[in-house]
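Commentary on secondary and tertiary structure
Chain by chain, the residues:
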Amino acid sequence: MQTYNWPYKNELDITEMLSCDVLVLGGGLAGCYAAIAAARRGQSVILVEKGATARSGSAGTGFDHWESACTNPCSTVTPKEIAEAYVDEQCGYSNGIAHYIECREGYDRLLDLESFGGKVRDTDDEFKGAEFRDDETKLMFAYDYKNKFTLRVWGSTFKPALFKELLRLGVKVLDRTEATALLTTARNGKKHGAGACAMDVRTGKFYILRAKETILTMSRPARVWLFNPDMTGLCEFRPMQSIGSGHAMGYKAGIEFTMMEKSVKGEFSAAGRSFPPYGAGNNHNTWYAATMVDARGVEIPYVDRDGNELKTVSERYYPAPGQKFFLKGGVIDNPKYEYRGPETLDFEELMRRGYQLPFYADLSRMPDAERRVIWGMMVGEEGKTKIPILKNYTERGFDPQKHMLQSYGTGWQSANFLEQERQLFGAPGGIWHDWDLKTNIDGIYAAGDQLYASDCAGFACATGYYAGRKAAAAAKALNTLPDYNEAEAAAERERLLAPIRREDGMDWRELNMAISKAMQNYCGGVKCDALLHEGLDLLESFETEIVPQISCKNPHELMRAHEVFDILTVSKLILHACLSRKTSSEPLFFKRTDSTETDPERDCRFITVRQENGEVIYDSHPLYYFGDLETEYEKRNGDYIRTEQKGAYRK
Ligand SMILES: Cc1cc2nc3c(=O)[nH]c(=O)nc-3n(C[C@H](O)[C@H](O)[C@H](O)COP(=O)(O)OP(=O)(O)OC[C@H]3O[C@@H](n4cnc5c(N)ncnc54)[C@H](O)[C@@H]3O)c2cc1C
């Protein structure tokens, strides 16, 4: 290692062994909550986080709306109604179990957060009297003001509050430490998790972390199709360090994944081709329901699902006549009629009627509270907006009472991407699991954005906590730590250190670039077996020819190299998943040229993929396999309903 100007210790020769009951990998929202649940149950917990837990992860700098808080006192919908709607909205290709947990327990986690010091209510009365605020509880709502199940929250206060609570509960937090591989063993003739290997990303120290139960919460893959070596920070919507290591280590250990063939056309600041998230004038998500105008200043009409033009700003926040509720938020790609909410007129219709480009968001035409809540609270609390958008635009003179913000198309951020430039965005594939959020390997659980069809902060917090309590119960039932395989750990250490022992070689960026190009060429918007096989062959050649040439100068670059090795593993997983789906599927955005069929009944199933001794193994399960969500949940969570939903543990 060239240590001449490296500010940290050189610990490349050191191995430390630690053990615990429950090991949590990833310290985002899901990881923090998993650790809290296990620690509350008296289990010893280690949490491993590649960044700094107090501010790491997708929600590290904040987020502004909390979805599916169906049990809040103002909500008029039930967890069952919303969870079932989420599943139905995706034609069955959704995670009923996890969405039900989100809808049933999400608001409990918000109350926890409030007790840890997070800001959940308008306690400063900034928006007193506003239509979206309940003046009694001071809760504030987004999207559907009638049914009140999406809350506007001050997400920038959440991660520091969670971190403080972890320390208070005695969780051992290993910050700046990357988990790199899972350890497994055989127990009663079955594979069982035994912990993980990890590396300090500043000093290179190697860790063997032994645990009774392990929980994966390392978010979802990125930089698979889209990578720009000059703008690495702008390569993805999610943080730079979230690139799918959890998927890679899981796949290598034999964990089963589903829906990995689903990907969407690139969006959101991908590889610098779009705009900083939420930095362009639009009327989606955080900016819902901004007033939009065309180049002449003519207002663009909003219509309800039946095409009725809405006359007032207020009407944009209510269901259509005869509609109980509508869905909006991160998961919702293109809602079915039943769940469609108010929207601006279709782009084609606007062009037909003579509306002229470019369009602008014009907050000056909105009621004062609606303007202030979008520009100030939402754009400000939303991830990555406080400084890049709110502060910078304001300092440069942007005044939402006077100025308009240009919109560059019709979507959230609205840049046109080619079909081959794709992302795992919205509700993509991920880990397959049972009702305990346990993977197919005993002793290994998953939560948050690592689960299939995941999305959003409430989902991450609720599933994290749920996995933490199930893992804690399992750990209590085990008397001893599972064995681990010393040779496996030693081999992992050698794999990790190889690039830093190489004097001259290729840079991690070159490999990332090559993988992205391969995925664009062979796993783009249209797929067929011939292309997918060529892609796999090419990736295999990267594995054998390029990986052994990657070199780096310090532990930070070493971590970047490990990340790209993981991107390579994830890319192969995606190609295998694509190969397994033989016909096109609209809900999965999956288009084949070598099949004429789209969504034939026999193929409307979850296909799972895993690896065993180097061989890829497929299986499939019917959609809606999870049964009646409310009944199945209640069968398994009586204890929680009797105690914690009544406030046990909360200060
Ligand atoms: C810009 C932005 C805005 C968003 N806005 C909203 C919103 O308004 N409302 C909403 O509900 N949702 C929002 N989301 C989504 C929401 O933030 C995520 O769904 C949620 O935070 C996921 O939590 P998680 O714990 O699963 O993953 P993350 O929060 O991403 O946490 C994963 C953690 O794992 C760590 N990690 C990764 N690899 C390793 C490794 N190898 N070893 C150790 N640690 C590792 C990462 O550093 C990270 O801290 C937004 C996301 C982004 C990016």
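So, a few notes on the structure that sits alongside this text. These numbers were taken from a predicted model, which means no experiment stands behind them.

Right, let's talk about the sheet that holds strand β20 (residues 615–622) for a bit. Working definition: the strands of a sheet are paired by backbone hydrogen bonds and lie parallel or antiparallel to each other. The antiparallel open sheet is built from 4 strands, whose spatial order is β17-β9-β19-β20. The strands lining the two open edges of the sheet, one partner per strand, are β17 (430–431) and β20. Sheet topology places strand β9 (residues 257–258) next to β17; 2 bridges connect them, and they run antiparallel. Among the inter-strand pairings, Phe257 is bridged to a residue of β17, identified as Ile431. The sheet strands contacting helix α5 (residues 245–253) are β9, β17, β19 (605–612) and β20, and the helix crosses β19 at an angle near 70°.

Taken together, 34 residues lie near the ligand, and Glu49, Ser58, His65, Glu382 and Ala457 sit nearest. Glu382 has a polar side-chain atom sitting 2.6 Å from a nitrogen atom of the ligand. At 2.8 Å from an oxygen atom of the ligand is found a main-chain nitrogen or oxygen belonging to Asp449. In isolation the ligand exposes 1,000 Å². Once the protein is present, 98% of that is buried. At the level of secondary structure, the elements contributing two or more residues to the shell around the ligand comprise α1 (29–40), β6 (177–187) and α10 (457–477). The biggest single contributor to the shell around the ligand is β6, with 3 residues. Residue composition of the shell around the ligand, by class: 12 nonpolar, 15 polar and 7 charged.

Okay, the pairing of strand β2 (residues 45–48) next. Residues Val45 and Leu47 line one face of β2 and the alternating positions Ile46 and Val48 line the opposite face, and both faces are buried. Across 4 bridges, strand β1 (residues 15–25) lies against β2 in parallel orientation. Opposite Leu25, over in β2, you have Val48 as the bridge partner. The pairing of β2 with strand β5 (residues 172–174) spans 3 bridges and is classified as parallel. Bridged to Ile46 within β5 is Lys172.

Strand direction decides the pairing type here: β1 and strand β8 (residues 206–216), joined by 10 bridges, are parallel. Within the sheet, the bridge partner assigned to Leu18 lies in β8 and is Leu209.

To continue, consider the nonpolar core. Counting residues in each nonpolar core, the largest one holds 147 residues, and the members touching the most others are Leu25, Trp66 and Ile574. Examining the composition of this core, we find that 12 residues originate from one element, helix α14 (residues 555–580), more than from any other. Filtering out sequence-adjacent residues up to four positions away, Trp66 remains in contact with Gly106, Arg109, Leu110, Leu113, Phe149, Thr150, Leu151, Val153, Phe158, Ala457, Gly458 and Cys461. Ala290, Leu310, Tyr355 and Leu405 belong to the second largest nonpolar core, which has 43 residues in total.

What follows deals with unusual backbone geometry. Omega for the bond connecting Tyr288 with Ala289 falls within 30 degrees of zero, at -5°, which places this linkage in the cis form. Mapped onto the elements, Ala289 comes out in the loop between β10 (264–265) and β11 (292–293). Of note, the bond from Leu357 into Pro358 is cis; its omega dihedral lies within 30 degrees of zero at -5°. Examined against the element boundaries, Pro358 turns out to sit in the loop between α6 (347–352) and β14 (359–361). Of note, Ser219 is a non-glycine position whose phi angle comes to about 65°, a positive value. By the element assignment, Ser219 lies in the loop between β8 and α5. Even without being glycine, Cys456 reaches a positive phi, approximately 85°. For Cys456, the location among the structural elements is in the loop between β18 (444–446) and α10. A residue is classified by how much of its surface remains accessible, and Cys456, at 16% relative accessible area, is buried.

A word on the environment of Val564. Residue placement: Val564 occurs in helix α14. Val564 sits in the buried class, given a relative accessible area of 1%. For the pair Val564 and Ile243, spaced 321 residues apart in sequence, the C-alpha separation works out to 8.3 Å. The residues contacting Val564, other than those within four sequence positions of it, are Arg223, Trp508, Leu511, Asn512 and Ile515.

With that out of the way, let us pick up the sheet that holds strand β15 (residues 405–407). Read across the open sheet, the 3 strands follow the order β11-β14-β15; overall the sheet is antiparallel. Of all strands in the sheet, those bounded by a partner on one side alone are β11 and β15.

Quick look at the packing of aromatic side chains now. The final tally for this structure, using the stated rule, is 31 aromatic pairs. Measuring from ring centre to ring centre gives 6.0 Å for Tyr33 and Tyr465, while their planes differ by 75°; the resulting arrangement is edge-to-face. With Tyr33 in helix α1 and Tyr465 in helix α10, this residue pair connects regions lying 432 residues apart in the sequence. Assigned by exposure class, Tyr33 and Tyr465 land together as buried. Taken together, a centroid distance of 5.4 Å and an interplanar angle of 75° make the contact between Phe63 and Phe158 edge-to-face. Taken as a pair, Phe63 in the loop between β2 and β3 (65–66) and Phe158 in helix α4 (residues 158–168) lie far apart in primary sequence, 95 residues in all. Taken as a pair, Phe63 and Phe158 share a single burial class, namely buried. Site record: aromatic cluster; members linked through ring pairs are Phe127, Phe132, Tyr143, Tyr145, Tyr288, Tyr302, Tyr317 and Tyr318. One cation-aromatic arrangement involves Arg109 over Tyr465; the distance from NZ or CZ to the ring centre is 3.7 Å.

Reading guide: rules and limits
Numbering of residues begins from 1 in every chain and follows the order in which that chain's sequence is written. Only residues with pLDDT of 70 or above have their local features reported here, since the model is predicted, and side-chain atom pairs are shown and tallied only from 80 upward, although totals for entire chains, interfaces and linings are computed over all residues. By convention in this description, side-chain values take in all heavy atoms of the structure and omit both hydrogens and water. When DSSP finds two or more bridges between two strands, those strands count as paired. Secondary structure elements follow DSSP: runs of H or I of four or more residues count as helices, runs of E of two or more count as strands, with numbering from the N terminus. Here, two residues are considered to be in contact whenever any of their heavy atoms come within 4.5 Å of each other. Inter-axis angles, ranging from 0 to 180 degrees, are taken between N-to-C directions of lines fitted to C-alpha atoms, where helices are fitted over the stretch in contact. Proximity is defined per residue: any heavy atom of the residue falling within 4 Å of a molecule or strand makes that residue near it. Under the rule applied, a polar contact is a pair of N or O atoms within 3.5 Å (in protein, one hydrogen donor and one hydrogen acceptor; residues adjacent in sequence only if both atoms are side-chain atoms). Per-residue and other accessible areas follow the Shrake-Rupley method at a 1.4 Å probe size, with only the shown protein chains counted as cover for residues. Put simply, Ala, Val, Leu, Ile, Met, Phe, Trp, Tyr, Cys and Pro go in the nonpolar bin, Asp, Glu, Lys and Arg in the charged bin, and everything else, Gly too, in the polar bin. Burial here depends on accessible area, computed with a 1.4 Å probe over protein chains only, as a share of the maximum for the residue type. Under 20% is buried, over 50% is exposed, and the range in between is partly exposed. In plain words, nonpolar cores are sets of buried Ala, Val, Leu, Ile, Met, Phe, Trp, Tyr and Cys residues tied together by side-chain atoms within 4.5 Å. When the centres of two rings from Phe, Tyr and Trp lie within 6.5 Å, Trp using its six-membered ring, the rings pair. Their planes under 30 degrees apart give stacked, over 60 give edge-to-face, and anything left gives tilted. Two thresholds decide whether a charge sits over a ring: the Lys NZ or Arg CZ must be within 6 Å of the ring centre and within 35 degrees of the ring normal.

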